[in-house]
Amino acid sequence: MTRSDWLLLSGERGNSATRLDERRADGLAWSEGNEARPLVHGAAYFAELLAAIRAMRAGDLLLFTDWRGDPDERLDGDGTGIGTVLSRAAERGVIVKGLLWRSHLDNFHFSQEQNLHLGKEINDAGGECLLDMRVRPGGSHHQKMVVLRHPGREELDVAYVGGIDLCHNRNDDAIHSGDRQSLSLASVYGPHPPWHDVQLALRGPVVGDVEAVFRERWEDPSPLTRSPLTRVRQLLHREDTDAGRLPPQEADPARCGMHTVQLLRTYPNRLLRGYPFAPDGERSIARGYLKALSRARTLIYVEDQYLWSPRVVACFARALSRHPRLLLIAVIPSVPEQDGRITLPMNLIGRIDALDELRRAGGDRVAVYGLENRAGTPVYVHAKVCVIDDVWASVGSDNVNLRSWTHDSELSCAVIDESPDPRRPTDPGGLGDGARAFARNLRLELMLEHLGALDHDASGDADKRRRAAGETEGWTPDALCDPVTALGAFEETAAALDAWYDGGCRGTRPSGRLRRYVPSALSRTERVLAAPLHHLLVDPDGRPMGLRRRHRF
C-alpha cells in the first residue's frame, strides 16, 4: 500500500500558506511512527486527561482549543472541575494557553458566557485564555484539541483530538446514563441526555503537528473580533485580547508506534481578510474524504452528529453508484438536538434530502441507525468517525455537512496503520491495500458496543468487551470483520428491538442499542419555510464563490 493513495499530498491540501506541511525535512504531509489510541466516551477521555494534567510540572506547556468550556464540568469526581484543574496547573508553573470560541449567538443559548467564565478563571490563575471570534459571519471555532508538552520528558508528550468538548453533557460512559452535569436537548433525550463520543490520544511526532495547528491560530495578529459591540464588551470585562508570547516549539517527540497520521482541517474563506495561515481558507477535511472515498469498495462505516447536506453526501453517493458491492452503515442521532416548531424542520430537511440521495445511489446497501440505552432513552450521537474498507479511519471535530467541510474551523486526524490485520477478509477492497489493525479495531469496538457487548459492562477493557459480545450476542469480532456479516448483524439486532417495541414490549428486551432510523416527514409548507433557514443558519457554505460555481472543495 502507498500512503499517498489514501492521504493528501502537500499540494493537494489546497493551502500553500500553512507551515503544517513544511515542518519535516522529508517534506511529507503526514507524520509516521505514531500511536493513535481511541478513547470512546467522555468518561474515558476526561479521566485520562485529568491524570495527565496533574502530572505536569513547572515549565511544561498545556495548549487547548475548544468550542465550549464549562469551568465546573467535572473530569472525574469532586474537585476536578476543568476550570479548577487548569487553574491549579497554571498556579504550579505550567504554561497554560487556550483559545475558546466567543459566541455571537448567545441569545440562542450557545457558549459565550461559559467561555468567558472559564477564560477569566484561567487568566486569574496566571494562565492565558483568549475568546476568539475570528470566524466567518455565522461561524464558529469548532476544533477540540489539547496538547501537553514536557521539556526533558518527551515520553509524556501527548495530544488529544476529536469530538469531545470540555463542557457539560460530555462525561458519559458506555452504559449511557448521561452526564449528571447536563444541558438540555430535545425533550426525548430526558434531563440527562445519553451521549456517545470519541477522542483520540496521540503520541509521537504528530504531537508536534497538533501544536503547530494551535500556534498558527495563537500567533494570528488579527484582532480577536471585528465587531465594535464585542470590542466594547471586551473593555467592560477587561478581557485579555493580546496573545502572549509562546516558548519556542520543542522538537517533535520520537517515533513510538506504527500509525501514520495526517491532520486535516477546515478554515473558511473569511470575508474581507483571511487568516494569514489560510488566506482563502482550507478544506483539507473535504479533500481528504474525497480522496479516501475514491478507494472505497466494500464498507463505509460512519458515526456522525448530522450526516446532512446533499452537496456533501454526493461524494458518498458517487462511490455507492460506481461500486455495486459497496455498503454504507451510518449511526446518527435518532432526533436532532433541537425540537422546536421552527428549529426541528430546519434541522431535519438537510438530513432527509441527504439520506434520499444516498438511498437513490445505494438502495438497501445503505443502512442508517439510531441508538438508545437500556432504559429506552435515545443516545445523542456526537461522534465524528469514518472508517473506509478497514484501511483509512478519521476521527475529529468535523461532521458530514457543509458547515464542517467549508464554514467553521475544524480539526481531524486521518489514521493509517502500518500493521496489517490478519483476519479475513485480509484485503476487503481488493486493491492490495490490506485491512489495517487500527481502522478495523476501531470499527469493531464501536459496532460491538451498539450490538450489546456493553449492556452490562462499562469497563475500558476492549478485549473483554469483544469476548462478551461473542459469548452473549453471537457476533464474534472475527465474523464482524466481513462487511456483509457486519451489516447483517446490525439489521438483525435493530429488527429484533423494533419488533419488541411493536409488540408492546412484552417479554425480555432484546440485546443491543440499535434502532432503524426512520426520518420524519415534513409537509410542503414546512419544507418551503425550513429550506432557506437551513442553508442560512444551520448548514451555510464557507467556500469562495469560484469553488461554489465549480462544485469543488
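Located above this text is the structure these notes cover.
From a predicted model like this one, the values you see are computed outputs, not experimental measurements.

Caption draft 1: A look at the overall build of the protein. Each helix and strand in the protein was counted, giving 15 helices and 18 strands. Computed over the C-alpha atoms, the radius of gyration of the protein is 22 Å, within 12% of the 24 Å expected from 2.2 N^0.38 for a compact globule of 553 residues. Along the three orthogonal principal directions, the C-alpha set of the protein runs to about 60 × 55 × 55 Å. Looking at the 553 residues of the protein, the share that counts as buried comes to 60%. If you take every contact in the protein between residues at least 6 apart in sequence, the share linking residues at least 24 apart comes to 78%. When the accessible surface of the protein is totalled, it reaches about 20900 Å², and 52% of it is carbon and sulfur. Of the side-chain charges in the protein, 72 are positive and 78 negative, and the distance between the mean point of each set is 5 Å.

Caption draft 2: Spatial organisation of unusual backbone geometry. Put simply, Arg424 and Pro425 share a cis peptide bond, and its omega is -5°. Tracing the backbone shows Pro425 in the loop between strand S17 (410-417) and helix H10 (437-453). A positive phi angle is found at Asn169, which is not glycine, with a value near 85°. Residue Asn169 is classed as buried on the basis of its relative accessible area of 2%. We note that Cys505 has phi near 60°; this positive angle belongs to a residue other than glycine. Tracing the sequence through the fold places Cys505 in the loop between helix H13 (483-502) and strand S18 (514-516).

Caption draft 3: The arrangement of helix H6 (residues 284-293) in detail. With eight of 10 residues buried, H6 is to be regarded as a mostly interior element. Inspection of H6 places Ser284, Ile285, Ala286, Gly288, Tyr289, Lys291, Ala292 and Leu293 among the buried residues, and these make up the whole buried set.

Caption draft 4: Structural detail: the packing of aromatic side chains. Under the definition given, this model contains 17 aromatic pairs. Note on Tyr289 and Trp405: the rings are 5.1 Å apart at their centroids and 35° apart in plane angle, and the pair reads as tilted. Remark: Trp405 occurs in helix H9 (residues 402-407) and Tyr289 occurs in helix H6; sequence separation between them is 116 residues. Judged by its relative accessible area of 3%, Tyr289 falls in the buried class. Taken together, the ring pairs connect Tyr289, Phe316, Trp392, Trp405 and Phe553 into an aromatic cluster. Here the guanidinium or amino end of Arg543 rests over the ring plane of Phe553, the centre of that ring lying 4.8 Å away.

Caption draft 5: Broad picture of the nonpolar core. Formed by 65 residues in total, the largest nonpolar core has its most connected members in Leu202, Val210, Leu263 and Phe490. Considering every element that reaches this core, the biggest residue donor is H10, with nine residues. What Val210 contacts, discounting residues up to four positions off in sequence, is Met145, Val147, Ala159, Val161, Leu202 and Leu263. By size, the runner-up hydrophobic cluster in this structure holds 57 residues, among which are Ala29, Leu185, Ala317 and Ala361.

Caption draft 6: Just the pattern of salt bridges, in detail. A full pass over the atoms with the stated rule returns 41 salt bridges. Across the pair Glu418 and Arg3 runs a salt bridge whose closest N-O atoms are separated by 3.1 Å. With Glu418 in the loop between S17 and H10 and Arg3 in the segment before strand S1 (31-40), this pair connects stretches of sequence that are 415 residues apart. On the accessibility criterion, Glu418 (27% relative accessible area) is partly exposed.

Caption draft 7: Structural detail: the side chain of Asn169. Tracing the sequence through the fold places Asn169 in the loop between strand S6 (158-162) and strand S7 (195-196). From its side chain, Asn169 meets the backbone nitrogen of Leu183 in a polar contact 2.7 Å long. The residues contacting Asn169, other than those within four sequence positions of it, are Glu73, Asp179, Gln181, Ser182, Leu183, Leu185, Pro193 and Trp195.

Caption draft 8: Representation of the side chain of Asp408 within the structure. Locating Asp408 in the fold gives a position in the loop between H9 and S17. Here Asp408 falls in the buried class, since its relative accessible area comes to 3%. In terms of polar contacts, Asp408 uses its side chain to reach the side chain of Ser140, at 3.1 Å. Filtering out sequence-adjacent residues up to four positions away, Asp408 remains in contact with Gly139, Ser140, His142, Thr266, Tyr267, Pro268 and Arg403.

Caption draft 9: Spatial organisation of the packing of H6 against helix H7 (residues 310-322). Look at H6 against H7: their axes get within 10 Å of each other, and the N-to-C directions meet at 5°. Here H6 lies roughly parallel to H7, going by the angle between them. Residues Tyr289, Leu290 and Leu293 of H6 lie in contact with H7, whose contacting residues are Cys315, Phe316, Arg318 and Ala319. In terms of residue class, the contact of H6 with H7 is built from six nonpolar, no polar and one charged.

Caption draft 10: Fine view of the pairing of strand S15 (residues 385-388). With burial as the criterion, each face of S15 is covered, one bearing Val385 and Val387 and the other bearing Cys386 and Ile388. Strand direction decides the pairing type here: strand S11 (residues 299-303) and S15, joined by four bridges, are antiparallel. If you follow Tyr301 over to S15, its bridge partner there is Val387. In this sheet, strand S16 (residues 392-396) lies alongside S15 in antiparallel orientation, the contact comprising four bridges. Bridging across to S16, Val387 finds its partner in Ala393. Linking S15 back to S16 in an antiparallel pair, the connection comprises three residues, with Asp389 at a positive phi of about 55°.

Caption draft 11: Layout of the pairing of S16. Among the five residues that make up S16, five are buried, leaving the element largely enclosed by the rest of the structure. Of the two faces of S16, the one holding Trp392, Ser394 and Gly396 and the one holding Ala393 and Val395 are both buried throughout. In this sheet, S17 lies alongside S16 in antiparallel orientation, the contact comprising four bridges. Looking at S17, one finds that Gly396 is bridged to Ser412.

Conventions adopted
- Residues numbered from 1 in each chain as written.
- Predicted model: local features only at pLDDT ≥ 70, side-chain atom pairs only at ≥ 80, totals over all residues.
- Heavy atoms only, no water.
- Helix = DSSP H or I, 4+ residues; strand = E, 2+ residues; numbered from the N terminus.
- Rg over C-alpha atoms; globule rule 2.2 N^0.38 Å.
- Buried < 20%, exposed > 50% of the residue type's maximum accessible area, 1.4 Å probe, protein only.
- Contact = heavy atoms within 4.5 Å.
- Areas by Shrake-Rupley, 256 points an atom, 1.4 Å probe, with all protein chains shown as cover.
- Lys, Arg positive; Asp, Glu negative; His and termini not counted.
- Charge placed at Lys NZ, Arg CZ, Asp CG, Glu CD.
- Phe/Tyr/Trp six-rings, centres within 6.5 Å; stacked < 30°, edge-to-face > 60°.
- Lys NZ or Arg CZ within 6 Å of the ring centre and 35° of its normal.
- Core = buried A, V, L, I, M, F, W, Y, C linked by side-chain atoms within 4.5 Å.
- Salt bridge = Lys/Arg side-chain N within 4 Å of Asp/Glu carboxyl O.
- Polar contact = N/O pair within 3.5 Å; in protein donor to acceptor, adjacent residues only side chain to side chain.
- Axes fitted to C-alpha atoms, helices over the stretch in contact; angles between N-to-C directions.
- Parallel < 35°, antiparallel > 145°, perpendicular 65-115°, else oblique.
- Nonpolar A, V, L, I, M, F, W, Y, C, P; charged D, E, K, R; others polar.
- Pairing = 2+ DSSP bridges.

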